[in-house]
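# What the coordinates show
Chain by chain, the residues run as shown.
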Amino acid sequence: MSTKHFVTNIDKLVVDALEALTFTNPDVIYYKNDKVIAKKSHNPQTHVAIISGGGAGHEPAHAAFVGEGMLTAAASGWIFASPSVAQIGCAIDAVAGQKGVLLIIKNYTGDIFHFSLAAEKARSRGIPAEVVVVGDDVAVGKTKSGKVGRRGLAGTVLVHKVAGAAAARADSTLKEIVAAAKEVADNLVTVGVSLNHVHIPGRKIEQENIMAEDEAELGLGIHNEKGCVRLQPIPSLPDLVKTMLDQLTDKDDADRAYVDFATAQNVVLMVNNLGGLSPLELGAITTEVVGQLTSRGLRPNRLFSGTYMTSLDGPGFSITLLKATDGVLNYLDAETKAVGFTPGSVVTADSPARVIVESVGQKAESAHTNGHAKPSIIVPAKFVSSVKLACEKVIAAEPLITQYDTVVGDGDCGYTLKRAAEAVLSFVTSSSGAISPTVSTLVDLAETVENNMDGTSGAIFSIFLHALATAVSTCESVLDEDGWGAASTEALKTLYAATPARPGDRTLIDALAPFVATLAAGKGVKNAAVAGRKGADGTKGMNASLGRAVYVDAKGYDRVPDPGAVGVAELVEGLAGL
């Protein structure tokens, strides 16, 4: 749970966030006292108005969905609190006329009371007004939800989109738009999951809302209420998605079988960020959901993946499925100028627009021999044994290196080295029986590192290894330690041409350079590894001149050595058999 915020005055937070929409969307008016956002260019004499709203904290819903092709106005309450009847009345007065107004709300008691009363007051003034209530949650189930019915969740956004697209046509009637909205609402199912509850800025932290590190909640709403089931430990993503899709699609679950997708003409999928997931993680979740849904024979015709209906910065996501007709798809595909809406896309597996290839193409075999037969420069069994031990040491050291990099970097060094080591280990073990004694093995090893090691460290290792392969390509016999020392010296020269890093700059060079120098001096690989470790240890207390460590608190330099240098020390000790 994130408990630190830049804005802690929640009243100011809400009104200022709404005002920001006047900067991002020139076609809106902000009625500040009523916390209402309305579309400037709407003509109430020619078009039906579409209004929604609810408590703040669900952004971009609802105010950021005001725009051509979606909502005409939105009324915002305070955080997680329904707007008042007077606020909703202000929205109606701003945009409704003789063509009428449709109010779309989520199934929460406060919203129903307030919007229904506002609609009734509008009718008394001669404005045709209808209300569509959306309840798409399946987690609670029919038995427990009883008379209250299903909660309204992210699926409400699809109702906004369809109704807004229908209302964009001047010939649409209020009756037709209500029918379109109800068609969507009646065929929606949604379930959510989160790793924690949220903290409302400026309020006391409720300890009972703080979940353990190994807990998640399935079936939560969007107002910080507890979920239906607490999961401990947290399931793997595939298992979690399977459980969620079971709740959404199992027609044999009498308590949750709200929509029968077996007869679906089209399936629409929405993967919604509840506010606190990175786009990276949401992307991985989306891929998992699309894959599992397709394997169930419910290949989505449209995908909406992004942030649509949040619970402040909730670290979770929801999955929504819509059983849709072709007419509904046309409305979903229609253009909108609402700044908060991320358009959907066609994602069918056989779509010509969806292309996945493993790589750009096959690389030509590296010769390095000017057309002559390649000489043997390594003893495969010995090479595999040394490289394997080096990789195992780097992998084992990952937690310690990560700890160091958390202090003086961005925390990824250990995992970066581990990922590369695992790839190299896979390379030498999977092909150990066919390891070539020639320079091509070094080239393949260098490319394995290049393809599996990111960031600056990846570039440094890749340059050094490719240069090492080039240096030994002219050798005519198996290399001894002196030969590797000479080749390493040439590789280090090539690396120096690409980076200003030198010993004393607090980088991995502080370990690599003494290793190479000692090996080149003929003192043997074990002494060279000892020199590399000494160089790494010497970075503790050394000021950084290069890399991200330059930007962090200098106090960390005295606490830990350079993480990259420690990684090199582990590597060369493995090569030396230490």
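You'll find the protein chain entered in an unreviewed UniProt entry as Dak1 domain-containing protein, with Lipomyces tetrasporus given as the organism.

Within a sheet, each strand pairs with its neighbour through backbone hydrogen bonds, oriented either parallel or antiparallel. Reading across the sheet, the six strands line up as β1-β2-β4-β3-β5-β6 and stay open at both edges, with mixed pairing between neighbours. Every interior strand has two partners, whereas the edge strands, β1 (28–31) and β6 (129–134), have only one. Ignoring which end each strand starts from, the neighbouring axes of this sheet average 20 degrees apart. Both strand β2 (residues 36–39) and strand β4 (residues 73–79) contribute to a ladder of three bridges, which runs antiparallel. Bridged to Ile37 within β4 is Ala74. Contacts from helix α3 (residues 109–124) reach β3 (49–56), β5 (101–106) and β6 within the one sheet, and its direction differs from that of β6 by about 165 degrees.

Turning our attention to the packing of aromatic side chains. What the rule picks out here adds up to four aromatic pairs. On the numbers, 6.2 Å between centres and 75 degrees between planes, the contact of Phe65 with Phe341 is edge-to-face. With Phe65 in the loop between β3 and β4 and Phe341 in the loop between α9 (326–333) and α10 (380–396), this residue pair connects regions lying 276 residues apart in the sequence. Using a relative accessible area of 7% as the deciding quantity, one classes Phe341 as buried. For the pair Phe304 and Tyr308, a centre-to-centre distance of 6.4 Å together with 75 degrees between the ring planes defines the contact as edge-to-face.

We now examine α9. Along an α-helix, residues three or four positions apart point the same way, because every turn accommodates 3.6 residues. Taken as a whole, α9 has its buried residues at Val328, Leu329 and Leu332. All buried residues of α9 project into a common sector of 100 degrees when viewed along the axis, lining one side. Taken together, the buried residues of α9 touch α5 (156–167), α6 (174–185), β10 (266–273), β11 (302–306) and β12 (316–324).

With that settled, consider the packing of α10 against helix α12 (residues 413–430). The interhelical angle for the contact between α10 and α12, taken along N-to-C directions, is 155 degrees, at an axis separation of 9 Å. Taken together, the axis directions place α10 and α12 in an arrangement best described as roughly antiparallel. The crossing of α10 and α12 is left-handed. In contact with Val384, Val387, Lys388, Cys391, Glu392, Val394 and Ile395 of α10, α12 contributes Leu417, Lys418, Ala421, Glu422, Val424, Leu425, Val428 and Thr429. The residue makeup of the contact of α10 with α12, split by class, is ten nonpolar, one polar and four charged.

Throughout the structure, instances matching the rule amount to 20 salt bridges. The partner of Lys39 in a salt bridge is Glu68, with the nearest N and O atoms 2.9 Å apart. A residue pair is termed long-range when its members are at least 10 positions apart, and Lys39 in strand β2 and Glu68 in the loop between β3 and β4 qualify at 29 residues. Owing to a relative accessible area of 10%, Lys39 belongs among the buried residues under this scheme. According to the relative accessible area criterion, Glu68 is partly exposed, its value standing at 32%. Among the ionic pairs, Arg533 bridges to Glu573, the shortest N-O distance being 2.9 Å.

Okay, the layout of surface pockets next. Of the pockets and cavities examined, the largest pocket occupies roughly 1000 Å³. Lining the largest pocket are 39 residues, with Phe383, Ser386, Val387, Trp484 and Leu575 sitting closest to its centre. Mapped by element, the contributors of at least two residues to the lining of the largest pocket are α10, α12, α13 (439–452), α14 (455–472), α15 (481–498), α16 (509–520) and α18 (563–576). Considering every element that reaches the lining of the largest pocket, the biggest residue donor is α10, with seven residues. Tallied by class, residues from the lining of the largest pocket come to 34 nonpolar, two polar and three charged.

A few words on the packing of α14 against α15. For the pair α14 and α15, the least separation of the axes is 8 Å and the interaxial angle reads 135 degrees. Between α14 and α15, the crossing angle belongs to the class labelled oblique. Along this stretch, α14 crosses α15, giving a crossing that reads as right-handed. Touching Ile460, Ile463, Phe464, Ala467, Leu468, Ala471 and Val472 of α14 are Trp484, Ala487, Ser488, Glu490, Ala491, Leu492, Thr494, Leu495 and Ala498, all from α15. For the contact of α14 with α15, the per-class residue count stands at 13 nonpolar, two polar and one charged.

Definitions and cut-offs
Residues numbered from 1 in each chain as written. Predicted model: local features only at pLDDT ≥ 70, side-chain atom pairs only at ≥ 80, totals over all residues. Heavy atoms only, no water. Pairing = 2+ DSSP bridges. Helix = DSSP H or I, 4+ residues; strand = E, 2+ residues; numbered from the N terminus. Axes fitted to C-alpha atoms, helices over the stretch in contact; angles between N-to-C directions. Contact = heavy atoms within 4.5 Å. Phe/Tyr/Trp six-rings, centres within 6.5 Å; stacked < 30°, edge-to-face > 60°. Buried < 20%, exposed > 50% of the residue type's maximum accessible area, 1.4 Å probe, protein only. Arc of directions from axis to C-beta. Parallel < 35°, antiparallel > 145°, perpendicular 65-115°, else oblique. Left-handed = near helix turned anticlockwise from the far one by under 90°. Nonpolar A, V, L, I, M, F, W, Y, C, P; charged D, E, K, R; others polar. Salt bridge = Lys/Arg side-chain N within 4 Å of Asp/Glu carboxyl O. 1 Å grid on protein atoms, 1.4 Å probe; cavity = no way out; pocket = protein on both sides within 12 Å on 5 of 7 lines; lining within 4 Å. Points joined across faces, edges and corners; volume = space filled by probe spheres on them.

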